[in-house]
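# Observations on the three-dimensional arrangement
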Amino acid sequence: MRVVAVNSHPEVTFEYEDAALAPLGVRIERLRVADDGELVAAAADADVVIGRVSGAAIAGLTRCRHVPSGGIGVDHIDVAAATEHGILVTNMADTFVEEVANHAWMLILVVARRGLWLHEMATTGRWSDALDQLFPVLRLAMPRLTGQTLGLVSFGRIARAVARRGQAFGMDVIAHDPYVPDDVLRQQGVEPVDLDGLFQRADVVSCHLPWTAETLHLIGERHFAQMRPGAIFVNTGRGKVVDEAALIRALEAGRLAGAGLDVLEQEPPEPSNPLLRMANVTISPHMASVSDVSAIARRQLLGRQIAETLRGRVPPGVVNPAVLPRWRGQAGAAAST
Ligand SMILES: NC(=O)c1ccc[n+]([C@@H]2O[C@H](COP(=O)([O-])OP(=O)(O)OC[C@H]3O[C@@H](n4cnc5c(N)ncnc54)[C@H](O)[C@@H]3O)[C@@H](O)[C@H]2O)c1
């Protein structure tokens, strides 16, 4: 049995994954490939392929039974092609929901409470000037949050965790998710709204959309144009769901008071990206899922998922259950016993 990790960072080690695979006598093997052709040539006999896998590569991975994602997003894997070829795709569904929700709130608070600007004033000899400069320098400078409205774009696991925190801050929470029944939102004290209504009413919009063909640039000019004066926009979902040029224009025009972004359309961004130089924008380098706990938990789960597949059992975290009736895993297990 063969498990390969494609183009993993040289600093990444697999000791937690290998510990789960040791009873099967398997260790993860690193592969460096330049393109799909090299991947197929080097991994055609692999049972599990970890990494970025295109539809073209999947068609050539004739023995592969499982392509796991080390994250929640699966946009680096062609899930439709995997399903067509009888290959399971898994993700880390529950492993770092709390981390991302905390990070979204870190961005909301830093942008709303002007954290970076206040720190600069306090640490550059301008302690006594901060209050005088706040309102003239930064228009609509400091929202209260408590009593205001938090709008969540999507109502999946992370958005729900963000909603709970918003309610603890005394915010009214509204959300838009066409795939979650309104009753589910209401049961959690959240008002269901359409996307336009959300942008019109929210003082803070927090985006938790996955990147799919449907969500690409789902948020654009029209939505930013509808936002309330002084509103802020936060994105910890995926950069490509936002028309970033429209976001930049809205910030430059003062339509938005600020933005907090863990994800960008292009990562890492070009140094010329105007977002990198805006005083009212706080950016983190796609780190929302990280904590001491999640860093280990995600790797232990990855090891368990792969071990289950190699034993011919359906692993936890399957994102394409439609594949199960023709999953190659059962056949692979039979062949290996
Ligand atoms: N910044 C990070 O480090 C980081 C970490 C984890 C996850 N993420 C991103 O966050 C996303 C959400 O994670 P999650 O755990 O909440 O996922 P989830 O699968 O629990 O929820 C996703 C939600 O999006 C909804 N959705 C899909 N299309 C929609 C649309 N057109 N309009 C509104 N809602 C729509 C779905 O119905 C679902 O409820 C992931 O897909 C991933 O891309 C980012």
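Residues numbered from 1 in each chain as written. Predicted model: local features only at pLDDT ≥ 70, side-chain atom pairs only at ≥ 80, totals over all residues. Heavy atoms only, no water.

### Quick word on the overall build of the protein chain
For clarity, the threshold we go by: Secondary structure elements follow DSSP: runs of H or I of four or more residues count as helices, runs of E of two or more count as strands, with numbering from the N terminus. Computation of the radius of gyration draws on C-alpha atoms alone. For the globule rule, the value is 2.2 Å times the number of residues to the power 0.38. Only protein chains enter the calculation, and the probe is 1.4 Å; a residue is then buried if its accessible area is under 20% of its type maximum, exposed if over 50%, and partly exposed in between. Note on contacts: a residue pair is in contact if any heavy atoms of the two residues lie within 4.5 Å. Accessibility throughout is a Shrake-Rupley quantity obtained with a 1.4 Å probe, and a residue counts as covered only by protein chains that appear here.
For the protein chain, the count of helices and strands is 14 helices and twelve strands. Relative to the 2.2 N^0.38 estimate, which gives 20 Å for 337 residues, the radius of gyration of the protein chain is 22 Å and therefore close to what a compact globule would have. Expressed as a percentage of its 337 residues, the buried residues of the protein chain come to 50%. Pairs at least 24 apart in sequence give 62% of the contacts found in the protein chain among residues at least 6 apart. Entry remark: accessible area of the protein chain is about 15700 Å², with carbon and sulfur atoms responsible for 55%.

### Digging into the confidence of the model for the protein chain
Heads up, the condition is: A residue's pLDDT is simply how confident the predictor is in it, with values from 0 to 100.
When pLDDT is averaged along the protein chain, the result is 94; 96% of the residues meet or exceed 70. In this model, residues 332–337 is a region of pLDDT below 50 whose contacts with residues beyond four sequence positions or in other chains number six contacts.

### Digging into the site of the ligand
The condition that has to hold: Any residue with a heavy atom positioned within 4 Å of a molecule or strand is treated as near that molecule or strand. Within 3.5 Å is the distance limit for a polar contact, defined as a pair of N or O atoms, with the added protein rule that one can donate a hydrogen and the other accept it, and that residues adjacent in sequence qualify only through two side-chain atoms. Classification used: nonpolar for Ala, Val, Leu, Ile, Met, Phe, Trp, Tyr, Cys and Pro, charged for Asp, Glu, Lys and Arg, polar for all others including Gly.
As a structural note, the neighbourhood of the ligand is formed by 28 residues, with R157, I158, D177, T236 and D262 the closest of them. Here an oxygen atom of the ligand sits 2.9 Å away from a polar atom, N or O, in the main chain of R157. One nitrogen or oxygen atom from the side chain of H286 is found 3.4 Å from an oxygen atom belonging to the ligand. Here the ligand has 870 Å² of accessible area as a free molecule, and 88% of this is covered by the chains. For the shell around the ligand, the per-class residue count stands at 13 nonpolar, ten polar and five charged.

### Side note on the packing of aromatic side chains
How two aromatic rings sit relative to each other is set out by the distance from centre to centre and by the angle between their planes. Inclusion rule: Stacked, tilted and edge-to-face pairs are distinguished by plane angle, under 30 degrees for stacked and over 60 for edge-to-face with tilted covering the rest, among Phe, Tyr and Trp rings (Trp via its six-membered ring) whose centres lie within 6.5 Å.
Overall, the coordinates contain three aromatic pairs when judged by the stated rule. With a centroid separation of 4.5 Å and an interplanar angle of 5°, the aromatic rings of W105 and F169 are classed as stacked. One end of the pair, W105, is in helix α5 (residues 97–112); the other, F169, is in the loop between α8 (157–168) and β7 (172–176), and 64 residues separate them in sequence. Here F199 and F224 contribute two aromatic rings whose centre-to-centre distance is 6.3 Å and whose plane-to-plane angle is 90°, an arrangement assigned as edge-to-face.

### Digging into α8
Turn by turn, an α-helix covers 3.6 residues, leaving residues three or four places apart pointing in a common direction. Where we set the bar: Each helix should span, by expectation, one fewer than its residue count multiplied by 1.5 Å.
When the terminal C-alpha atoms of α8 are compared, their 17 Å separation across twelve residues agrees well with the 16 Å that a helix rising 1.5 Å per residue should span. Regarding α8, the residues found buried are I158, A159, A161, V162, A163, R165 and G166. Check the buried side of α8 and you find it contacts α5, β6 (149–153), β7 and β9 (204–207). Count one or two residues on from α8 and you reach G170, which has phi positive near 80°.

### Some points on the sheet that holds strand β10 (residues 232–235)
Short version of the rule: A pair of strands is labelled paired if DSSP reports no fewer than 2 bridges between them. Angles shown run from 0 to 180 degrees and are taken between the N-to-C directions of axes, each axis being a line fitted to C-alpha atoms and, for helices, limited to the stretch in contact.
Across the sheet, which stays open at both edges, the seven strands sit in the order β8-β7-β6-β9-β10-β11-β12 with parallel pairing between neighbours. Where the open sheet ends on each side, the last strands, each with one partner, are β8 (191–192) and β12 (281–283). Across five bridges, the pairing between β6 and β7 is parallel. By the bridge assignment, T149 is partnered in β7 with D172. Against the sheet, α5 touches β6, β9, β10, β11 (258–261) and β12, its axis set at about 155° to β10. On the sheet, α8 packs against β6, β7 and β9 and is oriented at approximately 175° with respect to β6.

### Considering the pattern of salt bridges
Note the cut-off: Any Lys or Arg side-chain nitrogen found within 4 Å of a carboxyl oxygen on Asp or Glu counts as a salt bridge.
The tally for this structure, following the rule as stated, stands at 18 salt bridges. Between R63 and D47 there is a salt bridge whose closest N-O contact spans 2.9 Å. Note that R63 is positioned in the loop between α3 (55–60) and β4 (66–68) and D47 in the loop between α2 (36–43) and β3 (48–50), a separation of 16 residues in sequence. Several salt bridges share partner residues, and in doing so they unite R2, E29 and D45 into one network.

### What to know about the nonpolar core
Note the following rule: Throughout, nonpolar core names a set of buried Ala, Val, Leu, Ile, Met, Phe, Trp, Tyr and Cys residues whose side chains join them through atoms within 4.5 Å. An automatic or database domain assignment supplies the start and end points of every domain.
Among the nonpolar cores identified, the biggest contains 44 residues, and L150, L152, F155 and I306 are the most heavily contacted of them. Of the residues forming this core, the biggest block, nine residues, is contributed by α5. A domain-level breakdown of this core finds at least three residues from each of domain 1 (3–94 + 292–336) and domain 2 (97–283). Not counting residues up to four positions away in its chain, the partners in contact with I306 are V3, L21, I28, V48, I50, H66 and P68. In this structure, I174, V242, I248 and L264 belong to the second largest nonpolar core, which totals 29 residues.

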